[in-house]
Amino acid sequence: MRAEEPRLDAAGALAFKDHLREAVRDAPPRVVLDLGAVDFLDSSGLGAVVAARKFVANGALELAALTPAVARVFRLTRMDSVFTIYPDVPQAIAG
Amino acid sequence: MPRERVRFRADLHAVRDALIQLERGAVLGPLTGESRSVILLVLAEVMNNIAEHAYRGEGGEGSVCLWRKDGAVMARIVDRGLPAPAIPAATDTPNPADLPEGGFGMPLIRVLVRELAQSRRCGCNVMQLCVDDDNAA
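Draft legend 1. Region of the structure containing the nonpolar core. Within the largest apolar cluster, 67 residues are counted, with the highest numbers of intra-cluster contacts made by Leu35 and Phe74 of chain A together with Leu28, Leu43, Leu66 and Leu129 of chain B. Top contributing element to this core by residue count: helix 2 (residues 33–54) of chain B, with twelve residues. In this view, Leu66 of chain B contacts Pro2, Arg3, Glu4, Leu22, Val27, Leu28, Leu43, Val73, Met74 and Ala75 of chain B; residues no more than four positions away in its chain are not counted. Residues Cys65, Trp67, Ala72 and Cys130 of chain B belong to the second largest nonpolar core, which totals five residues.

Following this line, the structure appears as structure tokens:
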């Protein structure tokens, strides 16, 4: 699943969460969220990704292709310690 | 030295628009992408706080003034909302294991700024902060 918006920010966090809730309904047990198109993530956007994880059964939401600015937010908040994060989508799919 | 001032309506979409304007502006435009993304993240957290808390989502107006000083970006952010809480010098991030959905904003601001001063003057919250270009965060 790919996040298409370049900004995952406070203005878009609610819509992103709603969209993801729908998108993962009846989803397979493992979902990879491709964040390669997102070049700006703020604390609200991060909260939306954490919330989205709770929509996936067993919390099996994994992340791929974090841009440097997005990776920084995950690192500084230590949320990179609770998500499986892949450098790119092919490696995520290979698992 | 370039200096730039942007006024913004205190709602989240207007904050986004103001940040995009600043990103392309005279102060932040010439920076490296990495330096620019750090100051934009700090400004986003501060400005969203103004929209959501100082004005309680009921609208209002704020302003951001940016300028360069000694390898850093200086920012002064002003609003006329409710008195802003002090951002503690040491602010822990929420425990990741709890899967928190909020509470990241103030710790992010703290870890990314070199200096931060807050005051209340003439009914305004005034925040002045400094983010180094070579911030290693």
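Draft legend 2. Quick peek at unusual backbone geometry. Residue and element names in this part refer to chain A. A positive phi angle is found at Ala65, which is not glycine, with a value near 60°. Position of Ala65 among the secondary structure elements: in the loop between strand 4 (61–64) and helix 3 (68–76). For Ala65, a relative accessible area of 16% translates into the label buried.

Draft legend 3. Highlighting the packing of helix 1 (residues 13–23) of chain A against helix 2 (residues 43–55) of chain A. Residues and elements named next belong to chain A. Where helix 1 contacts helix 2, the axes come no closer than 9 Å and their chain directions differ by 15°. Our classification of the angle between helix 1 and helix 2 gives roughly parallel. As helix 1 runs across helix 2, the sense of the crossing is right-handed. On helix 2, the residues that touch Ala13, Phe16, Lys17, Leu20 and Arg21 of helix 1 are Ser44, Gly45, Ala48, Val49, Ala51, Ala52 and Phe55. Classifying every residue of the contact of helix 1 with helix 2 by side-chain character gives eight nonpolar, two polar and two charged.

Draft legend 4. Broad picture of the interface of chain A and chain B. Taken residue by residue, the interface counts 26 residues in chain A and 29 residues in chain B. Across the chain A/chain B interface, buried area totals approximately 2200 Å², and carbon plus sulfur atoms make up 62% of it. If you sort the residues of chain A by the area they bury against chain B, Arg7, Arg72 and Leu76 of chain A come out on top, with a joint share of 26%. There are two salt bridges connecting chain A and chain B. In this assembly, chain A and chain B are joined by seven residue pairs in polar contact (both at pLDDT 80 or more). Where the side of chain A that touches chain B is concerned, the elements lending two or more residues are strand 3 (40–41), helix 2 and helix 3 of chain A. Here the side of chain A that touches chain B gets seven residues from one element, more than from any other, and that element is helix 2 of chain A. Partitioning the side of chain A that touches chain B into residue classes produces twelve nonpolar, five polar and nine charged.

Draft legend 5. Spatial organisation of helix 2 of chain A. Residue and element names in this part refer to chain A. Taking 1.5 Å of rise per residue, 13 residues should cover 18 Å, and helix 2 covers 19 Å from first to last C-alpha, within 8% of that figure. For helix 2, the buried fraction is high: ten of the 13 residues fall into the buried class. Along helix 2, the positions that sit buried rather than exposed are Ser43, Gly45, Leu46, Gly47, Ala48, Val49, Val50, Ala51, Ala52 and Arg53. Where helix 2 begins, the side chain of Asp42 points an oxygen toward the backbone nitrogen of Ser44, at a separation of 3.1 Å.

Criteria and cut-off values
Residues numbered from 1 in each chain as written. Chains lettered and ligands numbered in written order. Predicted model: local features only at pLDDT ≥ 70, side-chain atom pairs only at ≥ 80, totals over all residues. Heavy atoms only, no water. Core = buried A, V, L, I, M, F, W, Y, C linked by side-chain atoms within 4.5 Å. Buried < 20%, exposed > 50% of the residue type's maximum accessible area, 1.4 Å probe, protein only. Helix = DSSP H or I, 4+ residues; strand = E, 2+ residues; numbered from the N terminus. Contact = heavy atoms within 4.5 Å. Axes fitted to C-alpha atoms, helices over the stretch in contact; angles between N-to-C directions. Parallel < 35°, antiparallel > 145°, perpendicular 65-115°, else oblique. Left-handed = near helix turned anticlockwise from the far one by under 90°. Nonpolar A, V, L, I, M, F, W, Y, C, P; charged D, E, K, R; others polar. Buried area = accessible area lost by both parts, 1.4 Å probe. Salt bridge = Lys/Arg side-chain N within 4 Å of Asp/Glu carboxyl O. Polar contact = N/O pair within 3.5 Å; in protein donor to acceptor, adjacent residues only side chain to side chain. Expected span 1.5 Å × (residues − 1).

Shape descriptors only; they carry no functional weight alone.
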